[in-house]
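Close look at the chain arrangement
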Amino acid sequence: VVGFLPALNPSVQPLPAKPWVMLGAHYDHLGHGRNGNSLARSDEVGQIHNGADDNASGVAAVLEAGRMLAGMQRDRGVALAFWSGQQLGLLGSNEFARNGALPSNAIAAYLNFDMVGRARDNRVVVQAVGTAEIWPGLLERSNVPVGLDIQTQDDPYVPTDSAAFNQVEVPTLAFFTGSHEDYHRPSDDSDRLNYEDLARITRLGALVAHRVANLPEPPVFVAV
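To keep things clear, this report deals only with the structure shown in the data block. Here the residue numbers are simple positions, counted from 1 along each chain's written sequence. Per-residue local features are limited, in this predicted model, to residues with pLDDT of at least 70; the limit for side-chain atom pairs, both in listing and counting, is 80 or more; totals at the level of whole chains, interfaces and linings are taken over all residues. As a rule here, side-chain values come from all non-hydrogen atoms in the structure, and water together with hydrogens is ignored.

**Digging into the overall build of the chain**
Only DSSP runs of H or I covering at least 4 residues are called helices, and only runs of E covering at least 2 are called strands; the numbering of each starts at the N terminus. When helices and strands are counted, the chain shows 5 helices and 7 strands. Along the chain, helices (α) and strands (β) appear in the sequence β-β-α-β-α-β-β-α-β-α-β-α when read from the amino end. Expected size for 224 residues packed as a compact globule is a radius of gyration near 17 Å; at 17 Å, the chain falls within 12% of this value. The principal-axis extent of the C-alpha atoms belonging to the chain is close to 60 × 40 × 30 Å. Atoms counted for the radius of gyration: C-alpha only. Globule rule: 2.2 Å times the number of residues to the power 0.38.

**Some points on the sheet that holds strand β2 (residues 20–26)**
Read from one edge to the other, the open sheet built from 7 strands follows the order β1-β3-β2-β4-β7-β5-β6, with strand pairing classed as mixed. For this open sheet the edge positions go to β1 (2–5) and β6 (149–152), each flanked by a neighbour on one side alone. Averaged over all adjacent pairs, the angle separating strand axes in this sheet is 20°, with direction ignored. In terms of strand pairing, β2 meets strand β4 (residues 107–113) through 5 bridges, oriented parallel. Residue pairing for β4: Leu-23 is matched across the bridge by Leu-111. By this definition, two strands are paired if DSSP reports at least two bridges between them. Helix axes use the C-alpha atoms of the stretch in contact, all axes being lines fitted to C-alpha atoms, and the angles between their N-to-C directions lie in the range 0 to 180 degrees.

**A short note on the side chain of His-184**
Here His-184 lies in the loop between β7 (172–176) and α5 (195–213). Each residue touching His-184, except ones within four places of it in the same chain, is listed here: His-29, Leu-30, Asn-37, Ser-38, Leu-39, Ala-40, His-49, Asp-54 and Gln-87. Whether two residues are in contact is decided by their heavy atoms: any pair within 4.5 Å suffices.

**Some details on the pairing of β4**
Counting buried positions along β4 gives 7 out of 7 residues, so the element sits mostly inside the fold. Bridge analysis of β4 against β7 gives 4 bridges, and the strand direction is parallel. Considered in β7, the bridge of Phe-113 is made with Phe-175. Burial classification: accessible surface area is computed with a 1.4 Å probe over protein chains only, and a residue below 20% of its type maximum counts as buried, one above 50% as exposed, and the rest as partly exposed.

**Considering the packing of helix α3 (residues 135–143) against α5**
Contact pair α3 / α5: the axes reach a minimum separation of 9 Å and the direction vectors enclose 125°. Overall, the two elements α3 and α5 adopt an arrangement that is oblique. Seen from above, α3 lies across α5 with right-handed handedness. Contact residues: α3 offers Trp-135, Leu-138, Leu-139, Arg-141, Ser-142 and Asn-143, while α5 offers Leu-204, Leu-207, Val-208, Arg-211 and Val-212. Nonpolar residues are Ala, Val, Leu, Ile, Met, Phe, Trp, Tyr, Cys and Pro. Charged residues are Asp, Glu, Lys and Arg, and all others, Gly as well, are polar. Here the contact of α3 with α5 is composed, by residue class, of 7 nonpolar, 2 polar and 2 charged. The labels follow the angle: roughly parallel below 35 degrees, roughly antiparallel above 145, roughly perpendicular from 65 to 115, and oblique for the rest. Note on convention: near helix rotated counterclockwise from far helix by under a right angle means a left-handed crossing. Clockwise means right-handed.

**A closer look at the environment of Leu-8**
Here Leu-8 lies in the loop between β1 and β2. On a C-alpha basis, the gap between Leu-8 and Leu-173 in space is 23 Å, while along the polypeptide they are 165 residues apart. If we ignore the near neighbours within four places in the chain, the residues touching Leu-8 are Ala-70, Gly-71, Met-72, Gln-73 and Arg-74.

**Observations concerning the nonpolar core**
Take the buried Ala, Val, Leu, Ile, Met, Phe, Trp, Tyr and Cys residues and link them wherever side-chain atoms come within 4.5 Å; each set so joined is a nonpolar core. Counting residues in each nonpolar core, the largest one holds 39 residues, and the members touching the most others are Leu-23, Leu-111, Trp-135, Leu-173, Phe-175 and Val-208. Contributions of two or more residues to this core are made by β2, α1 (52–70), β3 (77–83), β4, β5 (123–127), α3, β7 and α5. Setting aside residues up to four positions removed in sequence, Trp-135 forms contacts with Ala-109, Leu-111, Ala-128, Val-129, Pro-171, Thr-172, Leu-173, Val-208, Val-212 and Pro-219. Listed in part, the 14 residues of the second largest apolar core include Trp-20, Met-22, Leu-102 and Ala-106.

**Comments concerning the packing of aromatic side chains**
Centre distance within 6.5 Å is the pairing criterion for rings of Phe, Tyr and Trp, where only the six-membered ring of Trp is used; planes under 30 degrees apart are then read as stacked, over 60 as edge-to-face, and the remainder as tilted. Across all of its chains, the model carries 6 aromatic pairs by this definition. Both rings, one in Trp-83 and one in Phe-96, keep their centres 5.4 Å apart while their planes meet at 55°; by these two values the pair is tilted. On the criterion of sequence distance, the pair formed by Trp-83 in strand β3 and Phe-96 in helix α2 (residues 91–99) is long-range, its members being 13 residues apart. On the basis of relative accessible area, Phe-96 is assigned to the buried category, the value being 12%.

**A short note on the side chain of Gln-127**
By secondary structure assignment, the location of Gln-127 is in strand β5. Look at Gln-127 and you get buried, because its relative accessible area is 10%. Beyond its immediate stretch of four places on either side in the chain, Gln-127 contacts Gln-153, Asp-155, Val-158, Thr-172, Leu-173, Ala-174 and Phe-176.

Structure, rendered in structure tokens:
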């Protein structure tokens, strides 16, 4: 499911190279946990896996980041994507990256949100930072008004939808707050989320996207 916000009051004409920034999250989970990926304990087997952190938190982050970006000046458009088939092997994002309505060579960067609702100790992990040289500095500047403790990882080969875009040479970032004892269990429910820090991580992602949307030149992809 993909929607978009066109460039708003662009300051340059024609529009800059690679005229889109994309934010995405997978919206599928495990249902009753019968497809083999469930980590349900013996007394939980067959119960609904609501997936509050994995990945309703990421879906909420993309929706809210889109709301924030809707009112911001931007030279590039913003695409908001919600992937199916992630739990079965990144099926939706892989198909879109290769054959989607938005070609990969039009995407300046892709920001992924997967399990961003259980932040602890003010920390967020940002993966795939090695895919563009500008990422460390851009993250640092965007974080000034947010104040999170950002733990960066260069590696883009992670088991989430950003990997699909890395394969087609789109610079990526993947926001993640870490695994926990409720991962892939029915106990991954809404009362266990850290909503305050989820909102701050969302703001950080929106600020990063806004900066990319207004760069004169898109980030240069680096193969890790």
